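# Survey of secondary and tertiary structure
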Amino acid sequence: MNEILIELEKRRETARAGGGQKRTDAQHGRGKLTARERIELLLDEGSFEEFDMFVTHRCIDFDMEQQKPAGDGVVTGWGTINGRLVYVFSQDFRVLGGSVSATHAKKICKIMDMALQNGAPLIGLNDSGGARIQEGVDSLAGYGEVFQRNIEASGVIPQISVIMGPCAGGAVYSPAITDFIIMVKDTSYMFVTGPDVVKTVTNEKVTAEELGGAATHTRKSSVADAAFENDDETLAEVRRLFNFLPLNNRSGSPSRPSFDSPERLEVSLDTLIPQNPNQPYDMKELILKLADEADFFEIQAEFAKNIIVGFIRLEGRSIGVIANQPMVLAGVLDIDSARKAARFVRFCDCFEIPLLTLVDVPGFLPGTGQEYNGVIKHGAKLLFAYGEATVPKVTVITRKAYGGAYVVMSSKHLRGDFNYAWPTSEVAVMGARGAAEIIHRSDLNDPKKIANRTAEYEKRFANPFIAAERGFIDEVIQPHSTRKRLTRAFASLQNKKSQMPWKKHNNIPL
Ligand code: HXC
C-alpha cells in the first residue's frame, strides 16, 4: 500500500512539473503563468479537482514513444468560482507547446461532456502551438470533436475562451464558437494563417501582434470581447464576468444580495441631457448611475463605441444593457454597432438574462461604405435579435428615437414589455430639420422659411407625447426616478412567459 502511495505521489509530482523547471522559467520569463497557476487564480482557493492527470498520448511516430508526458499538455477538471460550479481546461505550453493530440482533445471533450451534462459553464484557457504535428490527422479529428461539442453546448451552458498564448490555424475556431473571447495584452494572439503565410500569399509584411494581437481583435476585427494587461488581471476579470452569468439556460439570471437601494433617486440625471439636442453626453454615466453599486462589466468596449453593451445588476439580478452612445458618431446605428449589439442581445436571450435598452439614436449611418458592405443585412441582425428575444425587455428613450432605428431599439412593436421615455425624448420619423426639408421642398432656398418650418415640426413632433398617445410609450418618466422604475419593472417581469412559434431554428440574416 505504502509503495503505491509513494508511486502515486511521484506520478503527481511529475505531472505537476510539466516540461520541467527550465520550461517553467521560460513561461514565467515571458510574463505568463503556468497552466496550473492560472487555474489556481481562476477558481476559488482549493476548489480545483483534476481529471486525467496521468493520461498520455499513444503516438509512436517520430519517436514520440520516447516522450510521454503525464497529462499530455492540458490540465482539465472542475471547481468553483464564488461557490458556483465551473469546468475548466488549461493548456500547458511547457508540455510539447500545449499542442493538441488525440488524447489532449479527448481530455477536453470529457470535461465538455461533464459540463453539458451537469449544466455548468466551461472556461478554456488557451495556450497552444495548435495541432500536434507528429499526430497529423488524429489531431485534426480531436479538434473536430471539440468544435462539435462547442456547437452542441452553445446556448445551453455559457462558454468562455481565454487566450493566453498562441492560438493559430483552425484552433481559433473553438474559441470563435464560444460566447466570449478574452485575451491577454502582448502575450496572446489569434490568426487563421500566420505572418509567414500572409507574406507568401499576399506579400503583406505584418507582425504576429499586428496580425492577431489583443489590440487587433478588440479594436478592428471584434473577434475578442475584452483584453487585459496580464494573466493575473485577466483571470480576475474572467471571474467577474462569470459572476454575471447563469450556470445554464434553465437556471435563470443569477441573483445575489444587493446593498444598493432599489428606491435610490439620482437627481443628477435630470440634467444629464444637454439643452442643445446636437450636443453629446456620456451614456455610460447613465448606466453607472442605474446599476447596483455602479458595477458594469462592458463587452467589446473598444469596438463600435457608438453602442455600449454589457452587464449590470438591478436588485442583485444580472441584466444585459444595450445603449446608444451619443459621444461617438452621435450614437447612430451602423454595421459594426448592429452586429455587436445583436450578438449580445442573443447571448442574453439564450441564457434568460433580461434586457435593458437605453435609446438615443438619430438613425442609421448613411453612405456608400455602409450600403456596399451590407448595412441592410447587418442592421437586420439587431432587429431580428430584439424581435426574437423572449426575455423581459425594458426600454428607456432618453432623447432621440428616430425612424427605423427607433423601431429596432427594443420598441413596443418588437414586444418591448415596458417602454419608458424621458420628457426630453423625441420619438419621430426623423430629425425636425430633415423632415422640414422634405415636406417643404419648395422653401429650400429660403433659410428663414425652412427655420420656421423646422421649429414648427419640432414643436409638434420632437417630444414623447405622440408616441405616448398611441400607447407606443407606456409612461413618460422623470430621469431621477429611472432606477426605481426599472427595478420595479424587472421585478414584475420575473415570471414572464413568452414563446415564438415552433421551428427547428430561425434563419437570422448572417
Ligand atoms: C508539436 C509543438 C507544436 C506543435 C510547438 N511545439 N508547437 N509540438 N506540435 N504544433 C513544441 C516545439 O517543438 C517545442 O518543443 C515546444 O513546443 C515549444 O515551442 P517553441 O517553438 O520553442 O516555442 P516558441 O518559440 O514560443 O514558438 C511557439 C509557436 C511555435 C509560435 C507556437 O512553436 C510554432 O510555430 N509551432 C507550430 C505551430 C503550427 O504550425 N501548428 C500547427 C498549425 S495547424 P521543444 O521540445 O523543441 O522545446 C493547426 C490546425 C488545427 O493547428 C486545425 C483544427 C481544425
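Described below are features of the structure shown in this document. (Residues numbered from 1 in each chain as written. Predicted model: local features only at pLDDT ≥ 70, side-chain atom pairs only at ≥ 80, totals over all residues. Heavy atoms only, no water.)

Attention shifts here to the overall build of the chain. Counting secondary structure elements, the chain contains 19 helices and 17 strands. Across its three principal directions, the C-alpha atoms of the chain cover 95 × 55 × 45 Å. Sorting the 510 residues of the chain into buried and exposed places 52% on the buried side. Only carbon and sulfur atoms are counted for the fraction: they give 53% of the accessible area of the chain, which is about 23,900 Å². Here the chain contributes 61 positively and 64 negatively charged side chains, and the mean placements of these two sets differ by 5 Å. (Helix = DSSP H or I, 4+ residues; strand = E, 2+ residues; numbered from the N terminus. Buried < 20%, exposed > 50% of the residue type's maximum accessible area, 1.4 Å probe, protein only. Areas by Shrake-Rupley, 256 points an atom, 1.4 Å probe, with all protein chains shown as cover. Lys, Arg positive; Asp, Glu negative; His and termini not counted. Charge placed at Lys NZ, Arg CZ, Asp CG, Glu CD.)

Time to look at the nonpolar core. Buried together is how nonpolar side chains tend to be arranged in soluble globular proteins. One finds Ile123, Phe311, Ile322 and Leu382 to be the most contacted residues of the largest nonpolar core, which totals 59 residues. Residues within four places of Ile322 in sequence aside, it is in contact with Ile307, Ile308, Val309, Ala341, Phe344, Val345, Leu355, Leu356, Thr357, Leu358, Tyr386 and Met409. (Core = buried A, V, L, I, M, F, W, Y, C linked by side-chain atoms within 4.5 Å. Contact = heavy atoms within 4.5 Å.)

A few words on the site of the ligand. The ligand sits among 20 residues. The nearest are Arg23, Arg30, Gly97, Gly129 and Ala131. One of the side-chain nitrogen or oxygen atoms of Arg23 is found 2.9 Å away from an oxygen atom of the ligand. One of the side-chain N or O atoms of Arg30 is found 2.6 Å from an oxygen atom in the ligand. Coverage of the ligand by the protein amounts to 55% of the 1,000 Å² it exposes when considered alone. Of all the elements in the fold, those that place two or more residues in the shell around the ligand are α5 (137–153) and β6 (166–168). Ranked by residues supplied to the shell around the ligand, first place goes to α5 with 3 residues. Looking at side-chain class alone, the shell around the ligand contains 11 nonpolar, 6 polar and 3 charged residues. (Near = heavy atom within 4 Å. Polar contact = N/O pair within 3.5 Å; in protein donor to acceptor, adjacent residues only side chain to side chain. Nonpolar A, V, L, I, M, F, W, Y, C, P; charged D, E, K, R; others polar.)

Spatial strand order, β1-β2-β3-β4-β5-β7-β9: 7 strands in an open sheet with mixed pairing. Of all the strands in the sheet, just β1 (49–51) and β9 (226–228) have a single pairing partner and so form its edges. Direction aside, neighbouring strands of the sheet carry axes that sit 20 degrees apart on average. Here strand β3 (residues 84–91) runs beside strand β4 (residues 122–126); their pairing, made up of 4 bridges, is parallel. From the neighbouring strand, Tyr87 faces β4, where its bridge partner is Leu122. (Pairing = 2+ DSSP bridges. Axes fitted to C-alpha atoms, helices over the stretch in contact; angles between N-to-C directions.)

A word on the packing of aromatic side chains. Summed over the entire model, instances satisfying the criterion amount to 10 aromatic pairs. For the ring pair Tyr189 and Phe191, a centre distance of 5.0 Å and an interplane angle of 15 degrees mean the geometry is stacked. Judged by its relative accessible area of 27%, Tyr189 is partly exposed. Between Phe311 and Phe347, the ring centres sit 6.2 Å apart and the planes meet at 75 degrees, which makes this aromatic pair edge-to-face. On the criterion of sequence distance, the pair formed by Phe311 in strand β11 (residues 307–314) and Phe347 in helix α12 (residues 335–350) is long-range, its members being 36 residues apart. Overall, Phe311 belongs to the buried group, its relative accessible area being 0%. By relative accessible area, which is 6% here, Phe347 ends up buried. In textbook terms, an aromatic cluster arises when at least three aromatic residues are bridged by ring pairs, as seen for Phe180, Phe244, Phe311, Phe344, Phe347 and Phe351. (Phe/Tyr/Trp six-rings, centres within 6.5 Å; stacked < 30°, edge-to-face > 60°.)

Another point: helix α3 (residues 35–42). All of the buried residues along α3 are Ala35, Arg36, Arg38, Ile39 and Leu42. The buried residues of α3 all sit within an arc of 155 degrees when viewed along its axis, so they share a single face. (Arc of directions from axis to C-beta.)

Along a regular strand, successive side chains alternate from one face of the sheet to the other. Among the 5 residues of strand β5 (residues 159–163), 5 are classified as buried, and the element is accordingly described as predominantly covered. Here β5 shows a buried face lined by Gln159, Ser161 and Ile163 and a second buried face lined by Ile160 and Val162. One ladder, built from 5 bridges, connects β4 with β5; its direction is parallel. From the neighbouring strand, Leu122 faces β5, where its bridge partner is Gln159. Note on the crossover from β4 through α5 to β5: the handedness is right-handed. (Right-handed = clockwise from strand over helix to strand, strands pointing away.)

The residue Ala294 is not glycine, and still its phi comes out positive at about 50 degrees. By secondary structure assignment, the location of Ala294 is in the loop between α11 (283–290) and β10 (297–299). The residue Leu329 is not glycine, and still its phi comes out positive at about 50 degrees. Inspection of the secondary structure puts Leu329 in the loop between β12 (317–324) and α12. What makes Leu329 partly exposed here is its relative accessible area of 47%.

What follows is about the pattern of salt bridges. The full count for this structure, using the stated rule, is 35 salt bridges. For the salt bridge of Arg12 with Glu9, the shortest nitrogen-to-oxygen distance reads 3.9 Å. Taken together, the positions of Arg12 and Glu9, both in helix α1 (residues 2–17) and 3 residues apart, correspond to about one turn of that helix. Overall, the relative accessible area of 32% leaves Arg12 in the partly exposed class. Taking the relative accessible area as the measure of exposure, Glu9 reaches 36% and is therefore partly exposed. Across the pair Glu456 and Arg453 runs a salt bridge whose closest N-O atoms are separated by 3.8 Å. Taken as a pair, Glu456 and Arg453 lie in helix α17 (residues 447–461) at a separation of 3 residues, close to a single helical turn. (Salt bridge = Lys/Arg side-chain N within 4 Å of Asp/Glu carboxyl O.)

Let us now look at the environment of Ala168. For Ala168, the position within the fold is in strand β6. Assessed through its relative accessible area of 29%, Ala168 is described here as partly exposed. Taking the C-alpha atoms as reference points, Ala168 and Phe191, separated by 23 residues in sequence, lie 5.0 Å from one another.

β4 sits mainly inside the fold: 5 of its 5 residues count as buried. Residue alternation in β4 divides its side chains into two sets, Leu122, Gly124 and Asn126 and Ile123 and Leu125, and both sets are buried. For the handedness criterion, the β-α-β arrangement of β3, helix α4 (residues 102–118) and β4 is classed as right-handed.

Attention now goes to the side chain of Gln91. Checked against the element boundaries, Gln91 lands in strand β3. Overall, the relative accessible area of 5% leaves Gln91 in the buried class. Side-chain polar atoms of Gln91 contact the side chain of His104, separated by 3.2 Å. Of the polar contacts made by the side chain of Gln91, one reaches the backbone nitrogen of Asp127; its length is 3.1 Å. Dropping the residues within four chain positions of it, Gln91 is found in contact with Ala35, Arg38, Gly73, Val74, Gly98, Val100, His104, Ile108, Leu125, Asn126, Asp127 and Ser128.

Everything listed here is a matter of coordinates, which is why it stays silent on function.
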